[in-house]
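Each chain, letter by letter, is given below.
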Amino acid sequence: MIKINHTYSLIFFFLFTLLSFGQSNNTQTKSDDAFFTVRGSVYLKDTREPIDNVSIQLNDGRYTRTDIFGKFVVKARVGDELTIMHDDFDTVHYTIISDERITILVEEPKNSRYISGRKNDVVRQFNQMIDSADAYLKKDAAKSIKFVGDALNYDVSSRQSAEAHELLGDVYVYWKQYDLAISAYKVSLQNFEMPSSKLKLAKTYIDNEEYQKSIDTYKSLNEKDLSNYEKTVLYEGLGDAYLKLKNTQQAISSYEKGLEIAKKHLIAPKVTDLNSKIAQAYNARGEVEKAKGFYSNSLKLAKKENKKRAVEEQIKVAEFNSSNMEYDSEIALRKDVLETLEDIEKDSVLPNESPLTPQKQNYKLGNAYLLNNDLENAIPSFKKSIEEADKKEDLDVKKDATRKLSEALIDAGDAEEGLKWLNEYKNTVDELYAKKVQEISQAARFSRNIAEQQNRITTLESDRALSKSKYDLTQERNKRQQLIIYSLLGGLLLLLITGFLMYKYIKQQRLANNLLALKSLRSQMNPHFIFNALNSVNSFIATNDERTANKYLSDFSQLMRAVLENSEEDFIPLKKEIELLQLYTKLEHFRFQDKFDYSIDVDDTINVDEFQIPPMLLQPYIENAVWHGLRYKKEKGHLNISIKPKSKDEITITISDDGIGRTRSKQMKTENQKKQNSKGMNNIKKRVAILNEMYKDKVDVTIEDYQQSEDAGTKVVVTLKKD
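Residues numbered from 1 in each chain as written. Predicted model: local features only at pLDDT ≥ 70, side-chain atom pairs only at ≥ 80, totals over all residues. Heavy atoms only, no water.

S.K.: If you had to explain the overall build of the protein chain to someone new, which residues and values would you point to?
M.R.: If you tally the helices and strands in the protein chain, you get 24 helices and 14 strands. Put simply, the protein chain has 723 residues, and 45% of those count as buried. Considering only intrachain contacts with a sequence separation of at least 6, the fraction spanning at least 24 residues in the protein chain is 64%. Surface accessibility of the protein chain: about 38,600 Å² in total, with carbon and sulfur atoms responsible for 51%. (Helix = DSSP H or I, 4+ residues; strand = E, 2+ residues; numbered from the N terminus. Buried < 20%, exposed > 50% of the residue type's maximum accessible area, 1.4 Å probe, protein only. Contact = heavy atoms within 4.5 Å. Areas by Shrake-Rupley, 256 points an atom, 1.4 Å probe, with all protein chains shown as cover.)

S.K.: Provide a residue-level description of the nonpolar core, including the pertinent values.
M.R.: The biggest cluster of nonpolar side chains holds 40 residues, and the ones touching the most others in it are Leu574, Ile613, Leu639, Ile651, Ile653 and Ile655. Taken together, the elements giving at least two residues each to this core come down to α19 (546-566), α20 (574-591), α21 (619-629), β11 (637-647), β12 (650-657), α24 (679-695) and β14 (714-721). No other element matches the seven residues that α20 contributes to this core. Once you skip the residues sitting within four places of it in the chain, Ile655 turns out to touch Leu618, Tyr621, Ile622, Leu639, Asn640, Ile641, Thr714, Lys715 and Val716. (Core = buried A, V, L, I, M, F, W, Y, C linked by side-chain atoms within 4.5 Å.)

S.K.: Got a sec to walk through the packing of aromatic side chains? Specific residues and values, please.
M.R.: The relation between two aromatic rings is expressed through the spacing of the ring centres and the mutual angle of the planes. Tallied over the full model, the rule gives six aromatic pairs. Measuring from ring centre to ring centre gives 5.8 Å for Tyr136 and Phe147, while their planes differ by 20°; the resulting arrangement is stacked. With Tyr136 in the loop between α2 (121-135) and α3 (141-152) and Phe147 in helix α3, this residue pair connects regions lying eleven residues apart in the sequence. For Phe147, a relative accessible area of 18% gives the class buried. Its end group placed over the ring of Phe147, Lys146 keeps NZ or CZ at 5.9 Å from the ring centre. (Phe/Tyr/Trp six-rings, centres within 6.5 Å; stacked < 30°, edge-to-face > 60°. Lys NZ or Arg CZ within 6 Å of the ring centre and 35° of its normal.)

S.K.: Could you give an account of the sheet that holds strand β1 (residues 36-44), naming the residues involved and the relevant values?
M.R.: Within the open sheet, the three strands sit side by side as β4-β1-β7. Their pairing is mixed. Here the strands that pair on one side only, and so sit at the sheet edges, are β4 (71-76) and β7 (102-106). On average, each strand axis in the sheet is tilted by 30° relative to the strand beside it, whichever way the strands run. As paired strands, β1 and β4 are joined by six bridges and run antiparallel to one another. Looking at the pairing, Phe36 lines up with Ala76 of β4. (Pairing = 2+ DSSP bridges. Axes fitted to C-alpha atoms, helices over the stretch in contact; angles between N-to-C directions.)

S.K.: Describe unusual backbone geometry, naming the residues involved and giving the relevant values.
M.R.: Positive phi, normally seen in glycine, also occurs at Glu209, with a value near 65°. Inspection of the secondary structure assignment puts Glu209 in the loop between α6 (195-207) and α7 (211-219). With a phi angle near 60°, Asn373 is a residue other than glycine that sits in the positive phi range. The topology assignment puts Asn373 in the loop between α14 (358-371) and α15 (375-392).

S.K.: Now, about α3: what can you tell me, with residues and values included?
M.R.: Over its twelve residues, α3 runs 17 Å from end to end, which matches the ideal 16 Å to within 8%, given 1.5 Å per residue. In terms of burial, α3 is a largely internal element, ten of the twelve residues being buried. Within the sequence span of α3, burial applies to Ala141, Ala142, Ser144, Ile145, Phe147, Val148, Gly149, Asp150, Ala151 and Leu152. Taking the backbone nitrogen of Ala142 as reference, a side-chain oxygen 3.2 Å away marks Asp140 as the first, capping residue of α3. (Expected span 1.5 Å × (residues − 1). Polar contact = N/O pair within 3.5 Å; in protein donor to acceptor, adjacent residues only side chain to side chain.)

S.K.: Got a sec to walk through the packing of helix α8 (residues 228-244) against helix α9 (residues 248-264)? Specific residues and values, please.
M.R.: Orientation of α8 relative to α9, taken along the N-to-C sense of each, is 165°, at an axis distance of 7 Å. The angle between α8 and α9 places the two elements in the roughly antiparallel class. As for how α8 packs across α9, the hand of that crossing is left-handed. Taken together, the residues of α9 that come into contact with α8 (itself represented by Asn228, Lys231, Thr232, Tyr235, Glu236, Leu238, Gly239, Asp240, Tyr242 and Leu243) are Thr248, Gln250, Ala251, Ser254, Tyr255, Lys257, Gly258, Ile261 and Ala262. (Parallel < 35°, antiparallel > 145°, perpendicular 65-115°, else oblique. Left-handed = near helix turned anticlockwise from the far one by under 90°.)

S.K.: Go over the packing of α14 against helix α16 (residues 395-411), please, and point to the residues and values.
M.R.: As a packed pair, α14 and α16 sit with axes 10 Å apart at the nearest point and diverge in direction by 25°. Judged on the interaxial angle alone, α16 and α14 are roughly parallel. Crossing handedness for the pair α14 and α16: left-handed. In this structure, α14 contributes Gln359, Lys360, Tyr363, Asn367 and Leu370 to the contact, and α16 contributes Val397, Asp400, Ala401, Arg403, Lys404 and Ala408. Of the residues that constitute the contact of α14 with α16, the class distribution is five nonpolar, two polar and four charged. (Nonpolar A, V, L, I, M, F, W, Y, C, P; charged D, E, K, R; others polar.)

S.K.: I'd like a description of the environment of Tyr598, backed by residues and values.
M.R.: Tracing the sequence through the fold places Tyr598 in strand β9 (residues 596-602). Residue Tyr598 is classed as partly exposed on the basis of its relative accessible area, which comes to 29%. As a C-alpha pair, Tyr598 and Leu639 span 41 residues in sequence and 4.5 Å in three-dimensional space. Excluding anything up to four places from it in sequence, Tyr598 contacts Gln582, Thr585, Lys586, His589, His638 and Leu639.

S.K.: Outline the environment of Asp609, supporting the account with residue identities and numerical values.
M.R.: You can see Asp609 is positioned in the loop between β9 and β10 (612-613). With a relative accessible area of 48%, Asp609 lands in the partly exposed category. Once the C-alpha coordinates of Asp609 and Lys576 are considered, the two residues, 33 residues apart in sequence, prove to be 8.8 Å apart.

S.K.: Quick one: what's the story with the sheet that holds strand β3 (residues 63-65), residue by residue and with numbers?
M.R.: Strand order in the open sheet formed by four strands is β3-β2-β5-β6, with antiparallel pairing between adjacent strands. The open sheet has two edge strands with one neighbour each: β3 and β6 (89-95). The mean angle between the axes of side-by-side strands here comes to 20°, regardless of whether they run parallel or antiparallel.

S.K.: Tell me what's going on with the pattern of salt bridges, and back it up with residues and numbers.
M.R.: Tallied over the full model, the rule gives 38 salt bridges. One salt bridge connects Glu166 with Lys200, and the closest N-O pair in it is separated by 2.9 Å. Taken together, the residues Glu166 in helix α4 (residues 158-174) and Lys200 in helix α6 connect sequence positions 34 residues apart. Using a relative accessible area of 3% as the deciding quantity, one classes Glu166 as buried. On the basis of relative accessibility, which here comes to 26%, the residue Lys200 falls in the partly exposed class. (Salt bridge = Lys/Arg side-chain N within 4 Å of Asp/Glu carboxyl O.)

S.K.: Pulling in residues and values, what's your account of the environment of Gln190?
M.R.: Tracing the sequence through the fold places Gln190 in helix α5 (residues 178-191). Under the relative-accessibility criterion, Gln190 is labelled exposed at 66%. Residues Gln190 and Ser158 lie 32 residues apart in sequence; the distance between their C-alpha atoms is 8.8 Å.

S.K.: So, the pairing of β6: which residues are in play, and what are the values?
M.R.: When strand β5 (residues 81-86) meets β6, the two strands line up antiparallel, connected through five bridges. Its bridge partner lying in β6, Glu81 is registered against Thr95. Taking the residues that link successive antiparallel strands as the turn, the β5-β6 hairpin has two residues.

S.K.: Account for the confidence of the model for the protein chain, naming residues and giving values.
M.R.: Mean pLDDT for the protein chain: 79, with 84% of residues reaching 70 or above. For the protein chain, helix α1 (residues 6-24) is the element with the lowest average pLDDT, namely 37, and α7 is the one with the highest, namely 93. Note that residues 1-33 has pLDDT below 50 and, in this model, 35 contacts with residues that lie over four places away or in other chains. (pLDDT = per-residue confidence, 0-100.)

S.K.: Go over the side chain of Arg309, please, and point to the residues and values.
M.R.: In this fold, Arg309 is placed in helix α12 (residues 307-323). Within the structure, the side chain of Arg309 is placed 3.1 Å from the side chain of Glu313, a separation counted as a polar contact.

Structure (structure tokens):
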């Protein structure tokens with residue numbers, strides 16, 4: 001392989017990109033933002049009454065009016081001024097700053113015809129709920145969804161329902177609940193079809209990795225119904241979906257169509273975005289030189305917008321240079337980024353998730369130096385990354401930076417300092433692990449809150465549909481009141497059928513809720529179990545016992561496969577559960593060989609294929625026996641799992657240990673542990689309760705002390721009925 005001098009390659013790069021920029025941008029002379037759709041509302045300030053027939057005039061002469069709900073839709077650009085005029089209030093001026101929905105609140109004069117409690121209280125209250133939901137969209141998902149539900153609780157029209165569900169979809173997209181967002185957008189479109197909602201649905205399909213559905217949705221749009229900005233969004237979205245499917249030719253073609261529209265109508269931000277995305281597609285295709293030309297365009301265009309947009313594009317190009325091993329160019333870009341970030345951070349706070357953070361960029365810079373064999377500059381860059389990560393409490397970046405710093409120091413010959421940072425890396429990994437466990441718990445709570453609010457909205461929507469059905473039925477019956485008696489009997493029969501269907505619906509809904517709850521509990525058991533097992537692996541790795549860790553991981557992978565295979569089932573054959581227990585108990589014994597021995601006894605008279613048991617029902621009891629009983633026993637203990645017949649159709653599964661017992665175990669817990677309930681045990685109680693409700697007391701569980709001594713131990717007896 002011939003190594004080209006980096007200086008010459010850098011000169012060639014800038015000459016090439018300069019020429020490309022001149023060829024592709026000779027027609028663009030302005031950078032004005034293009035028109036986009038703005039939705040707004042005009043309300044009275046004190047009562048939130050909607051005001052209809054308000055004149056909304058733009059500074060270029062275009063105008064529209066509000067409808068009976070106080071709503072209006074207008075095409076505008078950033079910087080455009082709206083003049084809001086009406087006989088009942090003073091003229092208001094509003095400057096557009098983004099494409100987000102806007103609310104205009106006006107003062108109510110004393111002689112106004114709009115008095116509290118006028119003709120449309122429901123509309124006013126609906127608007128209040130929608131505005132509140134919009135206000136909490138980026139702050140509190142559960143509260144925002146609750147306000148949407150409150151809005152739908154009123155007697156709303158199809159268009160209002162569409163607006164509420166579109167906003168609900170926006171909430172779910174922001175909080176990355178893409179499957180729920182898709183459902184919300186679909187309901188919105190069923191109520192009232194708007195191109196903006198369909199564009200959002202297509203984009204969300206991409207976020208949810210349903211690329212073909214996204215393409216089909218984009219293609220179903222009629223371009224005649226779209227503004228020029230929306231047409232650009234359409235072709236950009238198509239390109240994104242094709243690129244995800246690795247169809248680079250179609251992606252480039254779609255991006256180029258969008259770029260043509262954006263250039264023609266001077267949609268400057270989209271011209272920048274599409275140059276960048278075309279470059280990305282060419283790079284994915286392996287045509288690096290073409291990608292360089294388009295990245296050069298996007299860099300120059302981004303600098304004309306604002307500092308943050310320019311930095312975002314510089315980072316994309318730096319990643320491109322890194323992937324093509326042009327480290328000198330990458331280093332130059334990352335240095336420029338870090339200088340600009342100082343100004344950006346003065347005006348705004350960058351979350352740790354952002355790729356713009358100084359800790360990430362210093363880490364990337366250090367990595368570029370390291371790949372360029374420049375240890376002298378790599379080491380201080382990694383140290384700066386660690387310093388910034390400590391300030392921002394960014395453990396993810398700190399973990400990577402400390403590891404790389406350790407490697408760089410060792411490569412530079414400073415083994416003592418390198419080992420010091422290696423220890424810091426291990427400490428950071430432990431700290432990050434604890435943080436991830438906490439985040440998983442928070443995510444579970446978040447999901448529960450979202451599910452509760454969504455269930456409420458689903459119920460409200462069903463009730464609304466049912467109420468509408470009842471209303472239509474009543475109207476029809478009123479028209480037929482003067483007809484013969486058979487019509488009345490027919491109406492009564494229809495009511496009875498409706499009641500029966502309602503009863504069936506409620507019963508099915510209850511079953512569906514139980515199934516959803518079981519699925520949620522199972523999904524919580526698996527990560528809880530996995531993280532406890534990975535904690536064991538982490539312990540082996542921390543003690544540098546690589547062989548033991550490998551052996552443990554091999555057995556653990558078999559167990560994981562069995563757990564995941566059974567994770568979607570309510571019940572599995574007892575034989576499979578016994579095999580799973582044997583493997584799990586073997587793993588626990590593998591780690592605590594000096595703490596206990598174990599035995600699993602299955603009565604020969606039991607046909608294990610005839611009995612069904614909920615998966616992972618027994619594992620938490622074994623885990624508790626080992627971790628909270630036997631592990632703290634002074635001498636070696638014993639764990640016994642015994643399966644015996646109780647009657648013709650019942651068996652008992654007894655899990656007994658001679659550990660320290662529940663009382664002493666509780667006394668040894670820290671104050672923090674006392675505040676927390678055992679997640680596994682609570683999940684089992686809930687699962688057993690739901691399963692018994694669905695399958696008529698199939699499972700029974702009792703827990704008591706095993707023996708009368710200092711080490712009282714624990715005995716768990718599970719009674720299982722045959723189907």
